[in-house]
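Chain and residue survey
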Amino acid sequence: MSAIVPRNFRLLEELEKGEKGLGAEACSYGLADGEDTMMSNWNGTILGPPNSVHENRIYSVNIHCGPDYPDNPPTLQFISRVNLPCVDQQTGKVDPTQVPCLAQWKRAYTMETVLIELRRNFALKALDLLDHARRGSQHAIEKLSSIISRTKSLKEQQAAEQRKFRELQPSKPMSPKQIQKEKTKRFEEETSRKHPDAPDILERPYSTVSGSRRVPVLVNARGVPFLRIKKPQPRNLSGVIRSKLEKRWNRIVTRDRLAVELLFAKDEDHWDRLTDTAERSTWSEGVKRALDDVYEKIRKTDRQNRELSERMWQTVLQERALARQESLERNSRH
């Protein structure tokens, strides 16, 4: 026969478990008064189960362990208002006859056992309500509609309170990193489309400029040349470069696929010759025409990019020369 653990030792074990958080994550408990030598009054909390009307809500409950605990169950009283069949709506007291672990109490049960059982009732109540609504119960349907409406109203109320709270809070100054991030974001929005009056980049260099002349930098983006005036570069320019690179890559993929298909087509032509079933147009002719067409498009695009790169480089050299000349003129005036 196992030894019976005295009341105080048992409560000390539960206190240690509760303080160290070794129990269920959804429930917690601790002494209401650290000076309570009899360890009679406790505070418990229950986190509402997910996917229910109680989700993200925290319910507080008072637990009283009498002198005959754990031979007899504790008594519980909810501080938070909760709609459960086992809870008196006026006093918040838990009816032990409607909670299985309290009605059939065993000495091995603990306060945690009771809290977990009550939390399970939250979920069961929601499931029962849904089941009754599914079966056509008008009362259950109306109650569900009321809960949904009340939840929506509470969410709107909380959102309004949060907005009001944010307005009352003094605005926190932005960090240099946040300021730069906002500037970049605004710049991208402003440059998402090319301005209709924007001049062509190859119209540079301009004979006169206001302020110091910005000398562009020639950049090669995987074969696509462009002139960068300043960072960050306009969003529409990034879009154009990305579009050109994607088009070239798609042509390369098509070229490689056709090269493989050409090998199969040549095998088909060879088989036709062996079986004397060769036709006027061979299998490989169509594939080869398509392959030559893709090769020509790739070569044409690469040639255009080289020519554009040379023109842009000349623009950079002219800009550099004008910048040096303007710098000498400014220095001579001073």
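Residues numbered from 1 in each chain as written. Predicted model: local features only at pLDDT ≥ 70, side-chain atom pairs only at ≥ 80, totals over all residues. Heavy atoms only, no water.

1. Points about helix α4 (residues 138-168)
Inclusion rule: We count a stretch as a helix when DSSP gives it H or I for four or more residues in a row; a strand needs E for two or more, and each element gets its number in order from the N terminus. By this rule the span expected of a helix is its residue count minus one, scaled by 1.5 Å. Burial classes: relative accessible area under 20% of the type maximum marks a residue as buried, over 50% as exposed, and values in between as partly exposed (1.4 Å probe, protein chains only).
Taking 1.5 Å of rise per residue, 31 residues should cover 45 Å, and α4 covers 45 Å from first to last C-alpha, within 8% of that figure. The set of residues buried in α4 consists of Ala140, Leu144 and Ile147.

2. Some remarks on the nonpolar core
Heads up, the rule is: Throughout this description, the term nonpolar core refers to a set of buried Ala, Val, Leu, Ile, Met, Phe, Trp, Tyr and Cys residues connected via side-chain atoms within 4.5 Å. Whether two residues are in contact is decided by their heavy atoms: any pair within 4.5 Å suffices.
One finds Trp42, Leu76, Phe78, Val94, Leu102, Met111 and Leu118 to be the most contacted residues of the largest nonpolar core, which totals 28 residues. Going through the elements one at a time, α1 (7-19), β1 (27-31), β2 (41-47), β3 (58-64), β4 (75-78), α2 (100-103) and α3 (111-134) are the ones with two or more residues in this core. Per-element tally for this core: the top contributor is α3, with five residues. Discounting chain neighbours no more than four positions away, the residues touching Leu118 are Ile46, Leu76, Phe78, Leu84, Cys86, Val94 and Val99. Ile252, Ala265, Val287 and Leu291 belong to the second largest nonpolar core, which has eight residues in total.

3. What to know about the pattern of salt bridges
Pairing is possible between side chains that carry opposite charge, provided their charged atoms lie close to one another. We apply this condition: Criterion for a salt bridge: a side-chain nitrogen of Lys or Arg within 4 Å of a carboxyl oxygen of Asp or Glu.
On inspection of all chains with the given rule, the structure shows 13 salt bridges. A salt bridge links Glu112 to Lys17; its shortest N-O distance comes to 2.9 Å. Pair noted here: Glu112 is in helix α3 and Lys17 is in helix α1, with a separation of 95 residues, a long-range link. Judged by its relative accessible area of 10%, Glu112 falls in the buried class. What makes Lys17 partly exposed here is its relative accessible area of 34%. Close ionic contact of Arg299 with Glu296 constitutes a salt bridge, the shortest N to O distance being 3.5 Å. Here Arg299 pairs with Glu296, and both are found in helix α7 (residues 283-333), just three residues apart, close to one helical turn. Overall, Glu296 belongs to the partly exposed group, its relative accessible area being 37%. Through salt bridges that share partners, Arg204, Arg213, Glu319 and Glu326 make up one connected network.

Remember, this is a structural readout, not a statement about activity or role.
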